[in-house]
Every structure is written in structure tokens, then in C-alpha cells.
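Observations on the model geometry
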Amino acid sequence: MARINVDKRILDNVKQDDIAAVLNQLIDDELAKDVDKIDTDFVDECVNALLEIEQQEDGNFLVLVPLMSSEKFLKKISSTGFSFKRLNAFAKTAVIAAVIAGSTYTANAAVAAVTGVNILGNVSDAIQEKFEDWGLIKGGIEQIEGEDDDDEIVTTTAKATETTTHIVTQETTLATKATTKQTTTKKQTITKPGIEQIEGEDDDDTTTTTKPTTTKRSAPNTTVKPITEPNKPQEPEKPYLTALEAEFDNFKVDYIYGEELDYSGLTLTRVYSDGARKPLSLSECDYTQSVNMNTTANYTLRIIYETCVVTVDITVRPDEDTRGSEICKNDMYDYLLTDNGAYITKYRGSDDEINLDRVDGNPVFAIGEGVFKNSDLTRITAQNVRKIFPSAFENSADLTECYTPLAEYIGNYAFAGCAKLDEAVFGEGLYRLGKGAYKNTAVEELVIGQFVREIPDELCKECPNLKKVELLGEVTEIGADAFSDCTALELVTGTKNLVKVGAFAFDNDESVDFVSFPKNLESVGECAFNFCRSLNIGSLPDTIKEIGDMSFAYCSKLTSITIQNGITVIPYGCFRATGATEITLSEGVEHIKGYAFMSTMPKRINLPVSLEKIDTYALYSVTLRDVYFNGKLVSSISNNAFYAGKRVTFYVYNGTIPLEYAEKNKIAYEIIKEEHKHPLEDDNPNNDMVEQIQGEDD
């Protein structure tokens, strides 16, 4: 057997930056072409090589090994028009690798174009002489003892010495199809390729074989001293790697966004020249450790051990509907072809009106994220579409009609900013509405089917023409800003099951009313019903456990307020300017924040024993006549916490902060005697229960 010894110093001079620069230049040159002429497969090959460079700090030559089987790549580096000596280090190294690993007719042709050498026709003497002239190999094609010169197999070995590197490309690909089941077990054996002899080929026939062939040649014309000296017995050759077996048992090849790359199910076995078989762990290899798992793409994973390369094709797709789907395109659309039909991922047209029922004969079942965002569309019909993904039509300001009668899924901001869209069309099977789906649109009426249980945040925020909302399902939650600043909104039905209303949900909707205000309401966010002057609330539900700042402010038709046990703080302005004539605070309330009950309408209020702090304007009401401080814990009353009119009277204990506040603000007060209960709780209080009122009379 003969082998070529490539000087390792040559390969060591090839830097990662050099390789990356050339690969990036090849990618840029390809992408500069017209769109329909770009060779995307070639770009993918170069991108995969760049990914490998990022994964390793040294051993950069290995990234070239997979590219040596690429006719496109070899043609690129062989079309420079320069002589070999003028090629850069990257191109020289690539040519050497092609010579050594060249097991196809196309590789031979590409190398011949650069070097002037027909590898398959004159593989020994010419290569020997040229490589020696260039200083790229050590002296001589070595002769292995015991071989017959008249029937010699010309090949390469994976054996390396301290100063030489022997390069062999050994590559296999696990082809991935959309219909491939991930439960199959596959076994691949990678054997060492020889330099092929192609018989009977012409320029129109690029068929190759994988079986090494034998050729006759004369002894090499060289003056280099033979390896074996006459008087010394030759040491037996150490076993070297001849093959790598890869088995794939339930190996995952089809992914969706967000899933992690997983090598479980992969088994590797090394096979040596003496027949020995040894297991190989993935950690002993260089391999692709990460790809972008949030972009629709086909990737090739590479597992590299010494000179062996295993490649595995994987797919990354948006969701379960598209797992393993085929990437397709035509003049107007990019799409994924699935079992359900076409999933549109890109629109390249400029039409004002579109019929998107089918593409290339396939029913369109989904419009992907951002496909028509910021478009000039005015009308679109898509009668088969069931899913409209986030921002699909966002800010298409001229869109007046989108006919999707079967839509079941509307993503976040799908139609947001479509200022002329006056109708929301979707199917009775609608089960998902996304955040802000119809925000800033001209929609006038919204009928939401029975399968929707939660209304998302910002659904119809700032829709000035919206007048009516019908909730046909058992809706339990309305999200933040869902209908805020819908100034024309008059009626919302189906609200009786509401448990939670988010912050600003109906903020500034002065004309809105419910058929029935929810009696099981538990949580009301900040400004949820702020300025809902027409909302017939009546008594505050006794189920409420959480209330936010300004949550019921200016709700004129809230007439009775009872704060139940469990609420310790009355939030800022939460009941400001309501029509409440009755206010009851249960024990446990410790703090009444500013403006909480300002401008309400009660005549009397009984403050609990637990109360400690009252902020500015908290109880600033001109209608108050009697304020009873039932406890002695109050430690802070801010200025203007109460309206200091002549008609209000404080009932206080001696030596307390409320007494000091009354004296300071010239408010009439009465001292509660310790042995008596609150006078307001007695139907006929007598003069013995309180001391003389100080100062003012009616």
C-alpha cells in the first residue's frame, strides 16, 4: 500500500479566521445573485462549515472534510484563474484534501482544473512531483513491504506521525424526510474510501462508485530514501481506524421551536484495521452542539472523530402542525407543506387584493407570523385558513376586509393597527384569541364563541367604533386593557361568570353597561372600571378579595360598598367619586390610602378598631355627618383626610390622635366613655355616654 504524507506544518498555518473569511466571501458572492439564481444548498453547506468553526478552538482543518464531497464547493475554489502558487492557504489546503480524499469523478475534475493533474489518470508520480515541488508533502510515496508493484492499491491511511498528518474523508448522511418516523433504528457503517478508478466515463456521465479499484503503475520516480533500510527488520504497522459505525435508535430529527437539540439514541463504534471494534462516546468527538431552535430551517449536524465524519439532517419548524414539513416556494409565497396543507411563511407579492384559498393546489390552513405585516393589502380571502399567527396583518393600514370564516386561532396582534378593518371574521370553533389581536381597529361588533374562556390583554384596546361585545362562552377573566378607551362601547353581554377583571380593562368607557354585573367577582385591577359612569354595579359584590388603585373611581352607579374581611388596605382612589351612600369597613382594615373615598355620599361611617392610618383626602366627603373612631390604634391622620365642615362630628377616645386632629382642624367632637359602647350603635343614646360636644353646634 502507498500513502501520501502531508506536512502538518502546512495545515497548522491555516487559521480559523482565514477559513471563515473565505466561507463568508463565498456566501456573500452567492447571495449577491438574483433571488431565483441563488444556490441555497451551497449556502447551507458553507453556513454549516462556519457553525463547525464556532464549535472548536483548534483542529480547524476538519471543517473542510465534509465540503470535499461537494462538487459546488470544489468548483468555487477551482475557478480563481490563478496558478496554484498564488492561491491562499485555505484554497491550497482544500486542494490537498480533495486530492487525498478525492473519491469521485467530480472531485478529480475540480482538482485537475487547479493543479493540471488528473488524479485518477496519473495518481502517483505526478502528485508526488508536484507536491514535493510545492513543499507541501514530505519526501516520497511510501512503499509498504510485501506489496506487488504490478497490482498496487493506491489509497490513504489514517495513521499519523509526529510531523505528518494523513487525511481521510469518511462521511455518511442520515437523510431526513418529512415522513420519516423517529421510532426507526438505523445503522450506518463508514468505511475508508479508496481513490476510485472510473471506467468508461465521459463529460455527460458523473456516475461514481464507492468500491476502491486497482491500478497498475511504474515505481515512483523519486530519490527519497526508502522508509525500510535493508539490514533492519520493518516494525509491524499499528492498527489504524478504518471505519466508524453509527446506529440511530429513536434518534430525534424533527424539532419545533424551543425544543433542545438531543443526541440520545445515537451509538458510535470504531472499527480498526485489525478487526477490533471499540465503542465511542459523543464526548470524545467534535460535534454540532447548538443551532438556532427558533428559526424555520434545515440543518446538518456533524459528528467528527479523527478523520471520520457523520452527518445527520434535522429540521426545525414552528409548531406541531409543521414538524418535519417540507420547505416550498413559488413566485409569491414561501410555505411549509404539511399533512394539513400549506402553512404560509412569507409573501413576496404586491397585490392589493388576494385570494389565498390555495397555493400550488394545496389548501392554505395557516398564515404564519408577520407574513402580511405592514402590507398594502386592502382585501384578502382565505376560506380554508384555521390559524392566523402573531402579527400576521399587523399595521396593514389599508386592510378593510379579511374573510377567514374557519379561523380557530388568532395570534397576538394579528390585526393590530389595521385602522380600516371594521369586521372581525372567524369561525364558531374559535378557541384562542391573542393579546391585542384587534387593537386599534375599526371593528364595530365582536361576537366571541363558546370555547373562549378568557379575554386576552389589549384585545380591542382603543377601538373607537366598537359598540357591542357578546361573550357566548363562560368567560371568567377579562385581561388588562382588553376594552380600554373604547369610547363608543355601550353593551357587554355574558359577564355573569367573571371572576377577574384586569387593570384598565374598561378604563374610560363612560357609556358601557353589562346585562348583569358579576356577583362572584373576586379580583379587580387598577383602573379596571375607572370612569365607567353608566355601569350599573349597585352593591359591591361581597366576594371581592383584591382591588386596585382607582379600580371603581367615578362609577356613579356604585351605591353601596362593603369591604369584607381579608382586605387590610383600601387602595388609592379606588372608590373616589362613586355614588356610594353606604360604606362599611370590616375589622382588619389597617390603612385607608389617599382619595380612597373622596367625594362619596355617606352620612355616617364606622371606622374599625384595627385602623391605624388615614391618608390625605381618604375620607374627604362633604356629606359626612358622623365619624366614629371605634379604636385607639390610629397613629396617623394626614392633612385634609376629612372635610372639616361645621356639620361633621368625630366620636373619639380621650388622648388619641383623632382627638388631636379634631382640635387642630376645629372639628366638633365627643369623647367616648370607656364603659359605654359606640353611641351610633345605640338606638337611644343618652347624655351619660358621651361628654359635652366641644365647640360647634348644628
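Read on for an overview of the structure. Nothing here was measured: the structure is a model prediction, and the numbers come from that model.

Notes on the overall build of the chain
Per the secondary structure count, the chain includes nine helices and 44 strands. Taking all 698 residues of the chain together, the buried fraction comes to 50%. Put simply, 37% of the contacts in the chain that link residues at least 6 apart link residues at least 24 apart. Entry remark: accessible area of the chain is about 33400 Å², with carbon and sulfur atoms responsible for 43%.

A closer look at the side chain of Thr493
By the secondary structure assignment, Thr493 is in strand E29 (residues 491-493). Leave out the neighbours within four places in its chain, and Thr493 touches Val469, Glu470, Leu471 and Val515.

Describing the packing of aromatic side chains
Using the criterion set out here, one finds 33 aromatic pairs in the structure. Summarising the aromatic geometry, the rings of Tyr620 and Tyr643 are spaced 5.6 Å apart at their centres and angled 85° between planes, so their arrangement reads as edge-to-face. Residue Tyr620 is located in the loop between strand E40 (613-614) and strand E41 (626-629), and its partner Tyr643 is located in the loop between strand E42 (636-637) and strand E43 (649-652); the two are separated by 23 residues in the primary sequence. Given a relative accessible area of 23%, Tyr620 falls into the partly exposed group. Overall, Tyr643 belongs to the partly exposed group, its relative accessible area being 36%. One aromatic cluster is present, built from ring pairs that chain together Phe483, Phe506, Phe514, Phe517, Phe529, Phe552, Phe575 and Phe597. Over the face of the ring belonging to Tyr409 we find Lys387, whose NZ or CZ atom lies 5.8 Å from the ring centre. One cation-aromatic arrangement involves Lys632 over Tyr653; the distance from NZ or CZ to the ring centre is 5.1 Å.

Considerations on the pattern of salt bridges
This model, assessed by the stated rule, comprises 16 salt bridges. Salt-bridge contacts for Arg348 lead to Asp334; the nearest nitrogen and oxygen are separated by 2.4 Å. Placement of the pair is Arg348 in the loop between strand E16 (341-347) and strand E17 (353-355) and Asp334 in strand E15 (residues 333-338), with a sequence separation of 14 residues. Residue classification places Asp334 among the buried positions, given a relative accessible area of 17%. A salt bridge links Glu510 to Arg533, with the nearest nitrogen and oxygen atoms 3.4 Å apart. One end of the pair, Glu510, is in the loop between strand E30 (500-501) and strand E31 (513-514); the other, Arg533, is in the loop between strand E32 (523-524) and strand E33 (538-539), with 23 residues separating them in the sequence.

Examining a negative patch on the surface
On the surface, Asp422, Glu423, Glu444 and Glu445 cluster together to form a negatively charged patch. Position of Glu444 among the secondary structure elements: in the loop between strand E24 (432-433) and strand E25 (445-448). With a relative accessible area of 45%, Glu444 lands in the partly exposed category.

Overview of the state of the cysteines
When the sulfur atoms of two cysteines share a covalent bond, that bond is a disulfide. Summed over all chains, the structure comprises zero disulfides. Counting only cysteine sulfurs, Cys285 is the nearest neighbor of Cys308, a cysteine outside any disulfide, at a range of 9.4 Å. A residue is classified by how much of its surface remains accessible, and Cys308, at 1% relative accessible area, is buried. Here Cys460 is not disulfide-linked; the sulfur of Cys463 is the nearest cysteine sulfur, at 4.5 Å.

Concerning the environment of Asn565
In this structure, Asn565 sits in the loop between strand E35 (558-563) and strand E36 (569-570). Once the C-alpha coordinates of Asn565 and Ile544 are considered, the two residues, 21 residues apart in sequence, prove to be 9.9 Å apart. When neighbours within four sequence positions are excluded, Asn565 is seen to be in contact with Ser586 and Glu587.

Some thoughts on the environment of Tyr343
Tracing the backbone shows Tyr343 in strand E16. The spatial distance from the C-alpha of Tyr343 to the C-alpha of Ser325 is 9.5 Å, given a sequence separation of 18 residues. Not counting residues up to four positions away in its chain, the partners in contact with Tyr343 are Pro318, Asp319, Thr322, Asp334, Tyr335, Leu336, Phe365, Ala366, Gly368 and Phe389.

Side note on the sheet that holds strand E22 (residues 401-403)
Pairing in this open sheet of three strands is parallel, and the strands run E17-E20-E22 from one edge to the other. Strands with a single pairing partner mark the edges of an open sheet, and in this sheet they are E17 and E22. Each strand axis lies, on average, 0° off the axis of its neighbour in the sheet, ignoring direction. Here three bridges tie E17 to strand E20 (residues 379-381), and the two strands are oriented parallel to one another. Bridged to Ile354 within E20 is Ile380.

Regarding the pairing of strand E7 (residues 241-249)
Of all nine residues that make up E7, seven are buried, and the element is covered over most of its length. One ladder, built from seven bridges, connects E7 with strand E9 (residues 266-272); its direction is antiparallel. Each residue of the ladder has a partner; that of Leu241, found in E9, is Tyr272.

Considerations on the sheet that holds strand E44 (residues 668-671)
Taken in spatial order, the four strands line up as E39-E41-E43-E44 in an open sheet, and their pairing is parallel. Each edge of the open sheet is held by one strand with a lone partner, namely strand E39 (604-607) and E44. In this sheet, adjacent strand axes meet at a mean angle of 15° when their direction is disregarded. With four bridges connecting them, E43 and E44 associate as parallel partners. Counted as the bridge partner of Val652 is Ile671 from E44.

Section: helix H9 (residues 657-664)
Along H9, the residues that are buried comprise Pro658, Leu659, Tyr661 and Ala662. Seen along its axis, H9 keeps its buried residues to an arc of 160°; they face one direction. In this structure, the buried side of H9 is in contact with E41, E42, E43 and E44. Following H9 by one or two positions, Lys666 has its phi on the positive side, about 55°.

Brief notes about unusual backbone geometry
In the Ramachandran plot, Asp481 falls in the positive-phi region, its phi being about 60° despite a non-glycine side chain. With respect to the element layout, Asp481 can be found in the loop between strand E28 (477-478) and E29. Taking the relative accessible area as the measure of exposure, Asp481 reaches 17% and is therefore buried. Phi angles above zero are rare outside glycine, and Asp485 is one such case at about 60°. Judged by relative accessible area, Asp485 falls into the partly exposed class, the value being 27%.

Rules used throughout
Residues numbered from 1 in each chain as written. Predicted model: local features only at pLDDT ≥ 70, side-chain atom pairs only at ≥ 80, totals over all residues. Heavy atoms only, no water. Helix = DSSP H or I, 4+ residues; strand = E, 2+ residues; numbered from the N terminus. Buried < 20%, exposed > 50% of the residue type's maximum accessible area, 1.4 Å probe, protein only. Contact = heavy atoms within 4.5 Å. Areas by Shrake-Rupley, 256 points an atom, 1.4 Å probe, with all protein chains shown as cover. Phe/Tyr/Trp six-rings, centres within 6.5 Å; stacked < 30°, edge-to-face > 60°. Lys NZ or Arg CZ within 6 Å of the ring centre and 35° of its normal. Salt bridge = Lys/Arg side-chain N within 4 Å of Asp/Glu carboxyl O. Patch = residues over 30% accessible without salt bridge, like charges linked within 9 Å, V, L, I, M, F, W, Y side chains within 5 Å. Lys, Arg positive; Asp, Glu negative; His and termini not counted. Charge placed at Lys NZ, Arg CZ, Asp CG, Glu CD. Disulfide = S-S within 2.5 Å. Pairing = 2+ DSSP bridges. Axes fitted to C-alpha atoms, helices over the stretch in contact; angles between N-to-C directions. Arc of directions from axis to C-beta.

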